[in-house]
Amino acid sequence: MPKKPTGVRKRGNTWQYYFDKASIDGKRQTEYKSGFKTQKEAETARAEAIAKYNNGGFVPLNNDISFADFSKIFVKELSENRYTLATITSYKAALNACLIPELGGYKLININRSIVNQFVNKLHNRGLSKSTIRLYICVGSKCFEVAKQHKIAVDNPFKGVTAPDNSLVNKGRPHQAYSDDYINQLLSAYKGDKLEAVLMIGYYAGLRISETCALTWDDIDFENKIMTVNKQMEHNEQLKTFYFAPPKYNSVRQIEIPTILCDFLFDLKQAQTKAQKYKLNPDRSIAEGNDFSFILTNWHGKIVCKRYVITRIRQLKKKGYPAFKPHDLRHTHCTKLIDSGINMQYVQQRLGHKSLKVTLDIYTHLTATRRKTEASKLDSAFSGMTSF
């Protein structure tokens, strides 16, 4: 007579596993799970469930696991811990582009600070930007924090590692605050273009470009001159489409907007309403994927995304238009507010910064850059004087 299986049983056409957990108030507690096609599947799942239960919720892993194999578990846990799709996509890209090719063959437990330093120096010598190296360090560090939870790593060799700070890894132009003259030049050059709204909202409201692209007319209270920022537009690389998520740091907020921006948006809405009335499809319906409820659209209602904004800026730059970075408009807005004596905490809340320190750091950096620029004019200012 065949031996009766332990901890599994057949229920109808499928198999179920069960095992006892710690009792509560003297009462027996049992874990059940059904739906397995075969007895073997149920037994394997039961063994894994028991191991996970005995290990505080984590599946015990082989200490010989490679960094490449563990990265798959890391990405899976990101999804389970409700990270945004944008964050998961960014982390997967960092793993696939650099971390796995460089470190994937190592056993996870054998990666130490020396190996990590060599890895960072290699990226530095390759000429990668400081921000890119920081991203790789950040993802590697988070990966090891998860490994520590699984008890297959004792230390995090990425912790405390910083990107080298010199000209080789700072090739890109840092963010800057534009002068009033340059802002006027931009507004004049882009008047009537779809990018005019990007300029106006970035300069007068200080929104991130992802927040600007997600604005709808329902977010504007024209009577009280209030703008509600409750979402941002994100791009799904795999599906080649966009979706909406809460603002960065979940910084949902209502901000006051100046009269000049309120009037501009009112006129834009009127023009958009007129376009909606006269420029629809022949069947008088809006094309699929078009939505006149968004502020940034073309005249046929197609939503304008961040990628379009960046591409159009580059196209117009080739035609002689003055260039700008949308995020520099945000920094300019920040600087204008603080220069005007507006409370720093109000500025932080208005911009949706994670902390007051972020606001202070940005302002300190931008004003230092501005002082350096002005100081460079001193020699020419006194060039006509004769030394005595």
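Here, every reference points to the structure presented above.
Here is a short report on the structure shown in this document. These numbers were taken from a predicted model, which means no experiment stands behind them.

Here we come to the sheet that holds strand 5 (residues 226-229). Ordered by their spatial adjacency, 3 strands build an open sheet running 4-5-8, and the pairing between neighbours is antiparallel. Both outer strands of the open sheet, strand 4 (220-221) and strand 8 (253-256), are each paired with one neighbouring strand and no more. Relative to strand 5, strand 4 runs antiparallel, the two sharing 2 bridges. Paired with Asp221 across the bridge in strand 5 is Ile226.

Alternating residues of strand 5 divide into Ile226 and Thr228 and Met227 and Val229, and every residue in both groups is buried. Remark: 4 residues form the turn of the hairpin made by strand 4 and strand 5, two consecutive strands paired antiparallel; Lys225 in that turn has positive phi of roughly 55 degrees. As paired strands, strand 5 and strand 8 are joined by 4 bridges and run antiparallel to one another. The residue bridging Met227 from the neighbouring strand is Ile255, located in strand 8.

Before going further, it helps to examine the sheet that holds strand 3 (residues 27-36). By definition, the strands of a sheet pair up through backbone hydrogen bonds, in either a parallel or an antiparallel sense. Spatially, the 3 strands line up as an open sheet ordered 1-2-3, and their pairing is antiparallel. For this open sheet the edge positions go to strand 1 (8-11) and strand 3, each flanked by a neighbour on one side alone. Along the sheet, successive strands turn relative to each other by an average axial angle of 35 degrees, direction set aside. As paired elements, strand 1 and strand 2 (residues 14-24) share 4 bridges and run antiparallel to each other.

What follows concerns the packing of helix 2 (residues 67-80) against helix 3 (residues 85-103). Their axes nearest at 11 Å, the elements helix 2 and helix 3 cross at an angle of 170 degrees. Here helix 2 is positioned roughly antiparallel relative to helix 3, judged by the angle of their axes. Together, Phe67, Ala68, Ser71, Phe74, Val75, Leu78 and Ser79 of helix 2 and Ile88, Tyr91, Lys92, Leu95, Leu99, Ile100 and Leu103 of helix 3 make up the contact between the two elements. Each residue belonging to the contact of helix 2 with helix 3 can be placed in one class, and the counts come to 11 nonpolar, 2 polar and 1 charged.

Now for the pattern of salt bridges. Applying the stated criterion across every chain, the model contains 13 salt bridges. Across the salt bridge formed by Lys107 and Asp64, the nearest N and O atoms sit 3.3 Å from each other. With Lys107 in the loop between helix 3 and helix 4 (113-125) and Asp64 in the loop between helix 1 (39-54) and helix 2, the pair connects residues that are 43 residues apart, well separated along the chain. Overall, Asp64 belongs to the partly exposed group, its relative accessible area being 47%. Between Asp193 and Arg312 there is a salt bridge; the shortest N-O distance is 2.5 Å. Placement of Asp193 in the loop between helix 6 (180-189) and helix 7 (195-205) and of Arg312 in helix 10 (residues 306-318) is noted, with a sequence separation of 119 residues between them. On the basis of relative accessibility, which here comes to 16%, the residue Asp193 falls in the buried class. Through salt bridges with shared partners, a single ionic network connects Glu102, Lys122 and Arg126.

The subject of this paragraph is unusual backbone geometry. Comment: phi is negative for the bulk of residues other than glycine, and the bulk of peptide bonds are trans. A positive phi is found at Tyr249, a non-glycine position, where the angle reads about 60 degrees. Along the chain, Tyr249 turns up in the loop between strand 7 (241-245) and strand 8. The backbone of Asn250 shows a phi angle near 55 degrees, a positive value even though the residue is not glycine. Examined against the element boundaries, Asn250 turns out to sit in the loop between strand 7 and strand 8. For Asn250, a relative accessible area of 55% translates into the label exposed.

The geometry of helix 11 (residues 326-339) relative to helix 12 (residues 344-351) is characterised by a closest axis approach of 10 Å and an angle of 155 degrees between their N-to-C directions. The angle between helix 11 and helix 12 places the two elements in the roughly antiparallel class. For helix 11 against helix 12, the interelement crossing comes out right-handed. Residue-level contacts link Arg330, His333, Cys334, Leu337 and Ile338 of helix 11 to Met344, Val347, Arg350 and Leu351 of helix 12.

Attention now goes to the nonpolar core. The biggest cluster of nonpolar side chains holds 42 residues, and the ones touching the most others in it are Ile201, Leu207, Met227, Leu261, Leu265, Ile295 and Phe324. Contacts of Leu265, omitting those with residues within four sequence positions, involve Ile201, Trp217, Ile220, Phe222, Met227, Ile257 and Ile295. Core analysis: the next-biggest nonpolar cluster, separate from the first, contains 34 residues, Ile65, Val75, Ile88 and Cys98 among them.

Rules behind the numbers
Residues numbered from 1 in each chain as written. Predicted model: local features only at pLDDT ≥ 70, side-chain atom pairs only at ≥ 80, totals over all residues. Heavy atoms only, no water. Pairing = 2+ DSSP bridges. Helix = DSSP H or I, 4+ residues; strand = E, 2+ residues; numbered from the N terminus. Buried < 20%, exposed > 50% of the residue type's maximum accessible area, 1.4 Å probe, protein only. Axes fitted to C-alpha atoms, helices over the stretch in contact; angles between N-to-C directions. Parallel < 35°, antiparallel > 145°, perpendicular 65-115°, else oblique. Contact = heavy atoms within 4.5 Å. Nonpolar A, V, L, I, M, F, W, Y, C, P; charged D, E, K, R; others polar. Salt bridge = Lys/Arg side-chain N within 4 Å of Asp/Glu carboxyl O. Left-handed = near helix turned anticlockwise from the far one by under 90°. Core = buried A, V, L, I, M, F, W, Y, C linked by side-chain atoms within 4.5 Å.

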